[in-house]
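Geometric and topological summary
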Amino acid sequence: MIPVIALVGRPNVGKSTLFNRLTRSRDALVADFPGLTRDRQYGQGRVGGKPYILIDTGGISGDETGIDAAMARQSLLAIDEADIVLFLVDARAGLTAADESIATYLRQNGKQAHLVVNKLDGLDPDMALAEFYSLAMNAPYQIAAAHNRGVTGMISDLLEAVDSEE
Ligand code: GDP
Ligand code: MG
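Bear in mind that the values here come from a model prediction, so they are computed numbers and not experimental data.

What counts, and at which threshold
Residues numbered from 1 in each chain as written. Chains lettered and ligands numbered in written order. Predicted model: local features only at pLDDT ≥ 70, side-chain atom pairs only at ≥ 80, totals over all residues. Helix = DSSP H or I, 4+ residues; strand = E, 2+ residues; numbered from the N terminus. Contact = placed C-beta atoms within 7 Å. Pairing = 2+ DSSP bridges. Axes fitted to C-alpha atoms, helices over the stretch in contact; angles between N-to-C directions. pLDDT = per-residue confidence, 0-100. Expected span 1.5 Å × (residues − 1). Buried ≥ 20, exposed ≤ 12 C-beta atoms within 10 Å, placed from the backbone. Arc of directions from axis to C-beta.

With that settled, consider the environment of Ile-2. Mapped onto the elements of the fold, Ile-2 is located in the segment before strand E1 (4–8). Leave out the neighbours within four places in its chain, and Ile-2 touches Pro-51, Tyr-52 and Ile-53.

Now for the pairing of strand E3 (residues 50–56). If a strand is regular, its side chains alternate between the two faces of the sheet. Relative to E3, E1 is paired through 3 bridges, and the arrangement is parallel. Within the sheet, the bridge partner assigned to Ile-5 lies in E3 and is Leu-54. One ladder, built from 7 bridges, connects strand E2 (residues 41–47) with E3; its direction is antiparallel. Among the inter-strand pairings, Gln-44 is bridged to a residue of E3, identified as Ile-53. Taken together, E2 and the strand that follows it, E3, pair antiparallel across an intervening segment of 2 residues, in which Gly-48 is found at a positive phi of about 55°.

The 6 strands are arranged E2-E3-E1-E4-E5-E6 in an open sheet whose pairing can be described as mixed. The sheet is open, and its two edges are formed by E2 and strand E6 (141–142), each paired on a single side. Here helix H3 (residues 97–109) sits on the sheet and contacts E1, strand E4 (84–90) and strand E5 (113–118); the angle it forms with E4, its principal contact strand, is near 165°. Contacting E1, E2, E3, E4 and E6, helix H5 (residues 151–165) runs over the sheet at an angle of about 85° to E2.

Residues at a pLDDT of 70 or more form 81% of the protein, whose mean pLDDT is 83. Averaged over each element, pLDDT in the protein is lowest for helix H2 (residues 67–81) (71) and highest for E6 (97). Complex prediction metrics read pTM 0.88 and ipTM 0.99.

Attention now goes to H5. Here H5 spans 22 Å end to end across 15 residues, near enough to the 21 Å set by a 1.5 Å rise per residue. Taken together, the buried positions of H5 are occupied by Val-151, Met-154, Ile-155, Leu-158 and Leu-159. The arc that holds the buried residues of H5, viewed along the axis, is 125°, so those residues lie on one side. When the buried face of H5 is taken as reference, the exposed residues oriented beyond 90 degrees from it are Asp-157, Asp-163 and Ser-164. Turning to H5, the residues buried within the fold contact E1, helix H1 (15–23), E2, E3, E4 and E6.

What follows is about H3. For H3, spanning 13 residues, the distance from its first C-alpha to its last is 18 Å, which sits close to the expected 18 Å at 1.5 Å a residue. What H3 keeps buried is the set Ala-98, Asp-99, Ile-102, Ala-103 and Leu-106. Projected down its long axis, H3 carries its buried residues within an arc of 140°, all on one side. Of the exposed residues in H3, the ones pointing more than 90 degrees away from its buried face are Ala-97, Thr-104 and Gln-108. Against E1, E4 and E5 lie the buried residues of H3. Just beyond H3, the residue with positive phi is Gly-110, at close to 70°.

The following block contains the structure:
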């Protein structure tokens, strides 16, 4: 079984940047404004000989209408399809109400989800991480997707955990 990893989080936290890092694919649209990737994108990658499937999503805020509601639906479908859910937040923007809604959704859904704090480049990690403690999730992965920091280590760790469950 090839594990399926879904990237979820509100728009602009760096999901597509991470997707591109992990799949060496240009399929996901990366933009400087929120919400450009409007559908799920699938990619494949491999770390240390172990393959995985990755799903990028357009983003979810827990409070959407119109096109945003469609994007959120895609995210919920991706969560259902996934073996592993990575919930990304943005260390530069800090904790938002949308992050809190997503955390609540994941908890109610009972899906195994890992908190990933992105954009830690140039920040003091202790300061940046502190405000996400209130999400009451497991110890977060700390990455800077745009700089490829913490990315490979995170995926290796996740794939190892999947292996040891089988
Ligand atoms: P998405 O909406 O969650 O898919 O976010 P994107 O991947 O499109 O990224 C949104 C913005 O955040 C882009 O301008 C990225 O260049 C930027 N970004 C992504 N990862 C990082 C990072 O590790 N550090 C910094 N400083 N910016 C990042
Ligand atoms: Mg995107």
